[in-house]
Amino acid sequence: MSKTAELLDELGFSRGRIVETIVTTRDSDGSPRAAPMGVTRKEPDLLEIKPFKTSATYRNLLKNTYACVNLTEDPALFLVTAFKHEDLQGFEQPHIEEDLSLSQADASIFVEVLTGSDLSENRGCFVCRARSVEVRRPFPKVFSRGRAEAIEAVIHATRVEAYLRMGRREEAEKLIKRLDECKGVVERVSPPDSTEVRIVRTLEALIRGWEEAWR
Ligand SMILES: Cc1cc2nc3c(=O)[nH]c(=O)nc-3n(C[C@H](O)[C@H](O)[C@H](O)COP(=O)(O)O)c2cc1C
């Protein structure tokens, strides 16, 4: 097994498991872009990314061979990269290096896109070869339900926005309920001034704004 494949094992990429990452790509004007994406390991050194066709990441992966899969547990990084187009006050912005690695990430996996295909009408599927791995922060972190539920809330919010924009209110409302449950856990287990509490409150404010905009 290659050194890269061994490192993927150590990082927790077991075969078939979807892990939540931040994928960095390059736009057509050369500027870097970061977006949260689920990634699945398919073979020892093959990773699969399944972006919605509406995402800029989908368009970038179609055109560019190189991308980077960045690992973090920081819910604020998921928030700011999922909602780049929103004016989010008080959260640090992502910093993307020239080699596409995200400097705040714990580790970065440099990948090469091998194939792109259609998963469905709305979603693409890219198979990528992991070329190398850079581990920046090897020190372990405690598991926090508050942090995990804040990331879960960010995922739901990305779909709430999409559904409200498409006028699919019922689906949006179901996810808003799930987001409320995430908020309940975060408020129970994390202190009121924590990043994760600020995140769930920010998401609530964003949703109110979208409901107004796409009423
Ligand atoms: C943890 C997490 C995982 C996500 N996974 C995916 C995914 O696998 N595919 C996808 O298209 N969007 C996913 N999203 C939503 C995108 O990150 C979001 O739509 C983003 O705005 C796309 O950005 P882009 O247009 O710059 O590519 C995920 C969001 C979060 C928070």
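Residues numbered from 1 in each chain as written. Predicted model: local features only at pLDDT ≥ 70, side-chain atom pairs only at ≥ 80, totals over all residues.

Student: Got a minute to help me understand the pairing of strand 4 (residues 66–71) in this structure?
Tutor: One face of the sheet, then the other: side chains in a regular strand alternate in exactly this way. Taking burial as the measure, the six residues of strand 4 include five buried ones, the bulk of the element. Direction of pairing for strand 4 relative to strand 5 (residues 107–118): antiparallel, over a ladder of six bridges. Residue pairing for strand 5: L71 is matched across the bridge by A107. (Buried ≥ 20, exposed ≤ 12 C-beta atoms within 10 Å, placed from the backbone. Helix = DSSP H or I, 4+ residues; strand = E, 2+ residues; numbered from the N terminus. Pairing = 2+ DSSP bridges.)

Student: Would you explain the site of the ligand in this entry?
Tutor: Residues in close proximity to the ligand total 18 residues, the closest being A35, P36, G38, S55 and T57. If you list the elements that add at least two residues to the shell around the ligand, you get strand 2 (32–43), helix 2 (56–63), helix 3 (75–82) and helix 4 (145–165). For the shell around the ligand, the element with the highest residue contribution is strand 2, accounting for five residues. For the shell around the ligand, the residue count by class is eleven nonpolar, four polar and three charged. Looking at which domains feed residues into the shell around the ligand, each of domain 1 (3–135) and domain 2 (145–213) gives three or more. (Near = placed C-beta within 6 Å. Nonpolar A, V, L, I, M, F, W, Y, C, P; charged D, E, K, R; others polar. Domains from an automatic or database assignment.)

Student: It is not clear to me how the environment of S14 should be interpreted in this structure. Could you clarify?
Tutor: By the secondary structure assignment, S14 is in the loop between helix 1 (3–11) and strand 1 (18–26). For S14 and T40, which are 26 residues apart along the polypeptide, the C-alpha to C-alpha distance reads 8.4 Å.

Student: When you look at the domain arrangement of the protein in this model, what are you seeing that I'm missing?
Tutor: Many analyses report the size of an interface as the accessible area lost when the parts associate. Segmentation of the protein into domains returns domain 1 (3–135) and domain 2 (145–213). Contact residues are listed per partner, giving eleven residues for domain 1 and eleven residues for domain 2. Looking at the side of domain 1 that touches domain 2 residue by residue, the classes come out as seven nonpolar, one polar and three charged. (Contact = placed C-beta atoms within 7 Å.)

Student: Any chance you could explain helix 3 here in plain terms?
Tutor: Since the α-helix advances by 3.6 residues per turn, residues separated by three or four positions end up pointing in the same direction. Of all eight residues that make up helix 3, eight are buried, and the element is covered over most of its length. Buried within helix 3 we find P75, A76, L77, F78, L79, V80, T81 and A82. Considering only its buried residues, helix 3 is in contact with strand 1, strand 2, helix 4 and helix 6 (195–213).

Student: Please clarify how the sheet that holds strand 6 (residues 124–135) should be interpreted in this entry.
Tutor: Strand pairing within a sheet occurs via backbone hydrogen bonds; the two strands may be parallel or antiparallel. Within the closed barrel, the six strands sit side by side as 1-2-3-6-5-4. Their pairing is antiparallel. Averaged over all pairs of adjacent strands, the angle between their axes in this sheet comes to 45°, without regard to strand direction. As paired elements, strand 3 (residues 46–49) and strand 6 share four bridges and run antiparallel to each other. Pairing of L47 across the sheet is with C128, part of strand 6. (Axes fitted to C-alpha atoms, helices over the stretch in contact; angles between N-to-C directions.)

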